Amino acid sequence: MTTIYLAGPEVFLPDAMPIMAEKRRLARQFGFEPTGPGSDENQTPVKRTSAEIYARNDVAMRQAEICLANITPFRGVSADPGTVYEIGFMIALGKSVFAYTNHPDDYGLRVRSTWYAGQPIDETSGRPRGPDGIAIENHGMADNLMIDGGIEAAGGKVCRAIALPADPARDLTIYFEALQTIASMRG
C-alpha cells in the first residue's frame with residue numbers, strides 16, 4: 001500500500017481528531033495508507049514536546065511515498081508555514097508532492113484584498129506594489145510561486161476550489177478531488 005503523508009493545519013483546529021479521521025478514511029478509500037501529523041488513530045491525545053513532534057513527523061515524511069498538503073490560507077494570506085516546510089522537505093527528498101486549497105483566489109489577489117485591504121496599489125511600474133512599496137507577487141498561482149512551482153516542477157499538481165466553501169478550514173471536497181487526481185496519475 002502506498003503511504004501518503006497528509007500535511008496541513010487541521011491539527012490546530014479544536015475538532016482536529018474527527019477531521020483527521022475523515023481525511024485518513026478518504027485516503028484509504030483510494031488505496032493509500034495515511035501518515036503524518038494527527039495520525040495517532042485510536043490513541044488518547046498525548047502531550048509531546050516539540051522535539052518529539054518534529055522527530056515523529058520527520059520519520060513519517062521520510063517513510064512516505066507521497067505528500068498531500070493542504071495549502072488553504074491559514075492565519076493570513078498564505079499556507080501554514082509548517083505545511084510549507086513539509087512540502088519543501090518532501091520535494092527535496094524526491095517524493096511526489098501534491099497540494100490542494102479551498103481558496104479559489106490566487107495569492108496575488110489575496111495579498112491585495114486581505115493584506116492591503118483595499119489600500120491603493122501602484123500599478124505604474126508594471127509590477128504591482130502595495131502602499132508600502134513592496135512588490136505583490138502576481139503569477140496567478142494558488143500560493144507563493146515557490147510552493148506551486150516546486151510542486152509542479154516535481155511532477156505534482158495543485159488542486160484549487162472553484163468557489164470558497166462555507167467552512168474552508170474543514171471542507172474536504174477539494175481534498176477528495178486531490179486524492180482522485182493522485183490515484184489517476186499513479187494509474
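Residues numbered from 1 in each chain as written. Predicted model: local features only at pLDDT ≥ 70, side-chain atom pairs only at ≥ 80, totals over all residues. Heavy atoms only, no water.

Looking at an unreviewed UniProt entry, the protein carries the name Nucleoside 2-deoxyribosyltransferase, with the source organism given as Rhizobium binae.

Chemist: Lay out the layout of surface pockets with the relevant residues and their values.
Modeler: Empty space left among the atoms is revealed by rolling a probe the size of a water molecule over them. As a volume, the second largest pocket reaches approximately 210 Å³. If you go around the second largest pocket, you meet 16 residues; those closest to its centre are T72, P73, F74, P168 and A169. At three residues, the largest contribution of residues to the lining of the second largest pocket is made by helix α4 (residues 107-115). Residues that form the lining of the second largest pocket fall into these classes: seven nonpolar, six polar and three charged. (1 Å grid on protein atoms, 1.4 Å probe; cavity = no way out; pocket = protein on both sides within 12 Å on 5 of 7 lines; lining within 4 Å. Points joined across faces, edges and corners; volume = space filled by probe spheres on them. Helix = DSSP H or I, 4+ residues; strand = E, 2+ residues; numbered from the N terminus. Nonpolar A, V, L, I, M, F, W, Y, C, P; charged D, E, K, R; others polar.)

Chemist: So what about the pairing of strand β1 (residues 2-7)? Which residues, and what values?
Modeler: Burial analysis of β1 places six of its six residues in the buried class, the great majority of the element. Going residue by residue along β1, you find T2, I4 and L6 tucked away on one face and T3, Y5 and A7 tucked away on the opposite face as well. In terms of strand pairing, β1 meets strand β2 (residues 32-35) through four bridges, oriented parallel. What sits directly across from Y5, in β2, is T35. Looking at chain direction, β1 and strand β3 (residues 66-70) are connected through four bridges and run parallel. Bridge pairing links I4 to I66 in β3. (Buried < 20%, exposed > 50% of the residue type's maximum accessible area, 1.4 Å probe, protein only. Pairing = 2+ DSSP bridges.)

Chemist: Just give me the short version of the packing of aromatic side chains, but keep the residues and values in it.
Modeler: Applying the stated criterion across every chain, the model contains four aromatic pairs. A cation over a ring is seen here: R75 above F12, with NZ or CZ 5.2 Å from the ring centre. (Phe/Tyr/Trp six-rings, centres within 6.5 Å; stacked < 30°, edge-to-face > 60°. Lys NZ or Arg CZ within 6 Å of the ring centre and 35° of its normal.)

Chemist: Give a detailed account of the sheet that holds β3, specifying residues and quantitative values.
Modeler: With respect to topology, five strands assemble into an open sheet ordered β2-β1-β3-β4-β5, the strand pairing being parallel. Bordering the open sheet on either side are β2 and β5 (158-160), each of which pairs with just one other strand. When the angles between neighbouring strand axes are averaged without regard to direction, this sheet yields 25 degrees. Relative to strand β4 (residues 96-101), β3 is paired through five bridges, and the arrangement is parallel. Bridge pairing in β4 places C67 opposite V97. Contacting β1, β2, β3 and β4, helix α1 (residues 16-29) runs over the sheet at an angle of about 155 degrees to β2. (Axes fitted to C-alpha atoms, helices over the stretch in contact; angles between N-to-C directions. Contact = heavy atoms within 4.5 Å.)

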